[in-house]
Amino acid sequence: MVKIYRTIRNNWKKSVFGAGVISYGINYGINHYRMLQMMRAYCEEAVKYGNTPACSGQPRRITVVLNPAANKRKAKKLFEKYCAPILYLSGAYVSIVETEREGHAREIIDKIDPNTNAVVIAGGDGTLSETLTGLMRTRGELCHIPVGVLPLGQTNTVAGAIFGLTKKQDAIEWMAEASMAIVKGNTKPIDSFRIEILKNEDTDSNEGKPVYGIGKVEWGLGRELKRRSESLWYLGPLKKYASLVFPGTGLHTDTTAQHHSRGLISAKLRYTAPCKGCSACYNQRPDLMQTVSKTESNTPRTSKWWNIISLKNRRAAQTHSDSQTDYNTIINEDCSTIEEKVINTSDLCVTTASVDADNVDEDTPHILLKIGPSVKSQGEIILHGMKLFKEENSIVVDSLKAKQIEIRPISSNEKDLLNVNEKMTEDCLSIDNEDYEVRPIKVTLLPNSVKVFCP
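Residues numbered from 1 in each chain as written. Predicted model: local features only at pLDDT ≥ 70, side-chain atom pairs only at ≥ 80, totals over all residues. Heavy atoms only, no water.

A closer look at the overall build of the chain
Counting its regular elements, the chain contains 16 helices and 16 strands. Looking at the chain as a whole, 42% of its 455 residues are labelled buried. Partitioning the intrachain contacts of the chain with sequence separation of at least 6 by distance along the chain shows that 77% fall at a separation of at least 24. (Helix = DSSP H or I, 4+ residues; strand = E, 2+ residues; numbered from the N terminus. Buried < 20%, exposed > 50% of the residue type's maximum accessible area, 1.4 Å probe, protein only. Contact = heavy atoms within 4.5 Å.)

Thoughts on the nonpolar core
Of all hydrophobic cores here, the largest spans 61 residues; its most connected members are F79, I86, V147 and L150. At nine residues, helix 8 (residues 171-184) tops the list of elements feeding residues into this core. Ignoring sequence-local partners within four residues, the contact set of V147 consists of V119, I121, L128, L135, V450, K451, V452 and F453. (Core = buried A, V, L, I, M, F, W, Y, C linked by side-chain atoms within 4.5 Å.)

With respect to a nonpolar patch on the surface
Together, M1, I4 and I8 give the surface a local cluster of nonpolar side chains, amounting to about 370 Å² of exposed area. Relative to the helices and strands, I8 is located in helix 1 (residues 2-10). I8 sits in the partly exposed class, given a relative accessible area of 44%. (Patch = residues over 30% accessible without salt bridge, like charges linked within 9 Å, V, L, I, M, F, W, Y side chains within 5 Å. Areas by Shrake-Rupley, 256 points an atom, 1.4 Å probe, with all protein chains shown as cover. Salt bridge = Lys/Arg side-chain N within 4 Å of Asp/Glu carboxyl O.)

Thoughts on the pairing of strand 1 (residues 61-66)
Burial within strand 1 is extensive, with five of its six residues counted as buried. Strand direction decides the pairing type here: strand 1 and strand 2 (residues 93-98), joined by six bridges, are parallel. Counted as the bridge partner of V64 is I96 from strand 2. In the sheet, strand 1 pairs with strand 3 (residues 118-123) via five bridges, with the strands oriented parallel. Counterpart to T63 in the pairing with strand 3 is V119. (Pairing = 2+ DSSP bridges.)

Overview of the packing of aromatic side chains
The description of an aromatic ring pair rests on the distance of the ring centres and on the angle between the ring planes. By the definition in use, this model includes one aromatic pair. Over the ring of Y93 we find R61; its NZ or CZ atom is 4.9 Å from the centre of that ring. (Phe/Tyr/Trp six-rings, centres within 6.5 Å; stacked < 30°, edge-to-face > 60°. Lys NZ or Arg CZ within 6 Å of the ring centre and 35° of its normal.)

Points about the packing of helix 2 (residues 12-51) against helix 8
Between helix 2 and helix 8, whose axes approach to 11 Å, the crossing angle comes to 5°. Relative to helix 8, the element helix 2 lies roughly parallel. Mapping the contact onto sequence places M35, M38, M39, Y42, E45, A46 and Y49 in helix 2 and I172, E173, A176, E177, M180, V183 and K184 in helix 8. Split into classes, the residues belonging to the contact of helix 2 with helix 8 amount to ten nonpolar, no polar and four charged. (Axes fitted to C-alpha atoms, helices over the stretch in contact; angles between N-to-C directions. Parallel < 35°, antiparallel > 145°, perpendicular 65-115°, else oblique. Nonpolar A, V, L, I, M, F, W, Y, C, P; charged D, E, K, R; others polar.)

What about helix 4 (residues 75-89)?
Helix length check: helix 4, at 15 residues, gives a terminal C-alpha distance of 20 Å against a target of 21 Å (1.5 Å per residue), a fit within 8%. Along helix 4, the sharpest change in direction is near 45° and occurs at C83; proline P85 comes one to four residues later. Looking at the residues trailing helix 4, positive phi occurs at G91, about 85°. (Expected span 1.5 Å × (residues − 1). Bend = angle between axes of the 7 residues up to and from the residue.)

Observations regarding the sheet that holds strand 10 (residues 347-352)
Taken in spatial order, the six strands line up as 12-11-10-7-14-15 in an open sheet, and their pairing is antiparallel. For this open sheet the edge positions go to strand 12 (398-402) and strand 15 (434-437), each flanked by a neighbour on one side alone. Here the average twist between neighbouring strands, direction ignored, is 20°. Direction of pairing for strand 10 relative to strand 11 (residues 367-371): antiparallel, over a ladder of five bridges. When the bridges of strand 11 are listed, T351 appears paired with L368.

A few points about the confidence of the model for the chain
Overall, the predicted model of the chain reaches an average pLDDT of 77, with 74% of residues at or above 70. Note that pLDDT drops below 50 for residues 248-263; the model gives that stretch 31 contacts with residues more than four away or on any other chain. (pLDDT = per-residue confidence, 0-100.)

Overview of the environment of V452
Its location among the elements puts V452 in strand 16 (residues 441-453). For the pair V452 and I145, spaced 307 residues apart in sequence, the C-alpha separation works out to 8.8 Å. Excluding residues within four positions of it along the chain, V452 makes contact with V147, I162, N186, T187, K188 and I190.

Structural notes on the side chain of T352
Checked against the element boundaries, T352 lands in strand 10. In this structure the side chain of T352 is engaged in a polar contact, spanning 3.2 Å, whose partner is the backbone oxygen of I214. Other than its neighbours up to four places away in sequence, T352 contacts D191, S192, F193, I214, G215, H366 and I367. (Polar contact = N/O pair within 3.5 Å; in protein donor to acceptor, adjacent residues only side chain to side chain.)

Focus on unusual backbone geometry
Not every positive phi belongs to a glycine, and R73 is a case in point at roughly 65°. Along the chain, R73 falls in helix 3 (residues 70-73). Its identity is not glycine, yet N433 carries a phi of approximately 65°, on the positive side. Among the structural elements, N433 can be located in the loop between strand 14 (428-431) and strand 15.

Examining the pattern of salt bridges
If you walk through the whole model with that rule in mind, you get 15 salt bridges. Note that K184 and E45 form a salt bridge whose closest N and O atoms lie 3.4 Å from each other. On the criterion of sequence distance, the pair formed by K184 in helix 8 and E45 in helix 2 is long-range, its members being 139 residues apart. When its relative accessible area of 35% is taken as the criterion, K184 is described as partly exposed. For E45, a relative accessible area of 28% corresponds to the partly exposed category. A salt bridge links E406 to R270, with the shortest nitrogen-to-oxygen separation between them at 3.7 Å. Here E406 is found in strand 13 (residues 404-409), whereas its partner R270 is found in strand 8 (residues 265-272), with 136 residues between them in sequence.

Take a look at the structure:
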């Protein structure tokens with residue numbers, strides 16, 4: 001023991017390095033063993049579903065839309081290692097289609113097997129938005145095919161909201177749990193939104209095809225810092241903070257007093273209040289129309305005389321008639337009332353209650369608009385950016401709920417509104433972390449329009 005002590009004391013640098021290597025090896029071995037045991041448990045559970053005979057005699061058909069470029073090209077390897085074994089052992093017929101370029105997921109949906117029982121998105125929020133856009137454009141805004149979300153991207157906001165997980169939790173367990181949810185087949189409806197480009201302020205006509213999403217629409221400092229930090233990947237963990245200091249973010253170019261007085265973003269909002277359902281919005285809500293049609297189809301028939309005198313069937317018929325709501329008779333004056341508001345802010349975010357768990361409204365579906373503070377100097381940009389990185393709630397200074405929101409960027413001179421698109425070509429907003437050119441847009445809530453697999 002004395003010799004060992006003297007050796008360590010005389011070679012303390014090597015000893016410290018060796019102790020670090022041994023500690024890392026032991027920790028790696030323990031984590032690897034725990035991961036193998038966890039995957040074994042999930043696979044054994046999936047085999048039970050695979051050994052269960054199917055009611056229809058045919059296995060489930062699952063189409064997986066895999067984005068191999070997601071998560072710095074790690075998505076394919078992660079899928080094959082932690083997700084695919086669970087899906088295959090469940091006895092389902094799994095068809096994997098890989099995306100080859102941006103926007104390819106929208107084209108893939110047009111060519112999938114019409115007998116597909118589920119569509120699984122293996123990627124991040126951007127892949128989910130593209131696939132969802134393809135589904136809703138081709139098969140209607142009320143998505144009847146269950147959608148599975150595997151958290152294989154860099155940003156997995158929607159998957160985190162569905163499974164109630166955070167980035168600090170085990171990513172492997174997250175992926176296995178999402179795969180197991182698809183095997184079990186538990187589903188729930190969540191809200192989505194439709195985004196349309198508006199031509200001008202005088203008309204409500206739209207331009208081009210709509211884009212659909214579930215997560216967030218972001219515009220301003222927060223999104224610009226994320227985009228800038230991605231280009232500074234070579235700085236490692238310091239890339240976020242370097243994006244606040246280094247020039248070239250597009251946020252430090254305009255230093256005029258007029259710019260500081262207005263804030264980073266100036267926009268005109270037009271929005272309508274949330275509505276549970278009325279005659280004005282009935283024809284615009286596919287979920288309400290489907291609810292009524294289901295109620296009508298499930299109403300028991302009482303054409304036979306013994307059914308008419310049956311007390312049980314009479315009570316059932318009365319229950320169905322009471323549950324059916326005639327939305328054409330409901331009048332809500334606030335449903336069609338348009339309110340206007342001009343904002344000057346550094347951040348703007350539109351999200352659904354399905355993703356923003358702190359603002360869930362069970363009675364009235366809505367989209368939530370979060371408005372950040374207006375920064376006026378480089379120092380405020382740095383302080384505000386630090387809060388954004390920490391995801392503090394204090395960055396929201398105002399918010400409003402609506403069922404439909406129009407966002408029209410405005411310039412310092414009202415006469416330049418027609419040329420606003422030319423002045424903001426370098427600016428961009430993101431839809432589920434995919435960048436788009438800043439244009440006047442209309443965001444419309446689609447309540448309970450997407451059926452997703454959940455725990």
